[in-house]
Amino acid sequence: MTDHWLSVCAKTDIPAGEWITFDTGVEELLIINLEGDIYAIQDLCTHDGGNLADGELDGDEIVCPRHGARFCIKSGKVTTPPAYEDIKAFPTRIHNGMIEVQVD
Ligand code: FES
């Protein structure tokens, strides 16, 4: 992975427990604020392409709204079928109050 950081928005724009979608120009990500920590994952369920943005957060997992697969938002690892492949998770950082995400 190259050292390519994209600026997303101010950290204060995403309240705790909420998320936004962010288009990197290559793919859609979810930028999630979990109790003040920011995580970035692919917005694409590996089961059948559902958008995770419409799902629910349960602890550190996001639940796909279509058939209930679950993914860890910290690692992208799948935790519950019917998906069996992980999604991508991306490093994030805060720079001058702005959320940045590292992409390929
Ligand atoms: S598309 Fe996500 S569980 Fe089926």
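Report on the accompanying structure. (Residues numbered from 1 in each chain as written. Predicted model: local features only at pLDDT ≥ 70, side-chain atom pairs only at ≥ 80, totals over all residues.)

### A few points about the environment of I20
Here I20 is to be found in strand 2 (residues 19-23). For I20, a count of 15 C-beta atoms within 10 Å translates into the label partly exposed. A sequence separation of 78 residues divides I20 from M98, and the C-alpha atoms of the two residues are 14 Å apart. Ignoring sequence-local partners within four residues, the contact set of I20 consists of C9, I14 and I31. (Helix = DSSP H or I, 4+ residues; strand = E, 2+ residues; numbered from the N terminus. Buried ≥ 20, exposed ≤ 12 C-beta atoms within 10 Å, placed from the backbone. Contact = placed C-beta atoms within 7 Å.)

### Here's the deal with the pairing of strand 4 (residues 37-42)
Moving residue by residue along a regular strand, the side chains alternate between the two faces of the sheet. Here 6 bridges tie strand 3 (residues 28-34) to strand 4, and the two strands are oriented antiparallel to one another. Residue pairing across strands places N33 opposite I38, the latter belonging to strand 4. (Pairing = 2+ DSSP bridges.)

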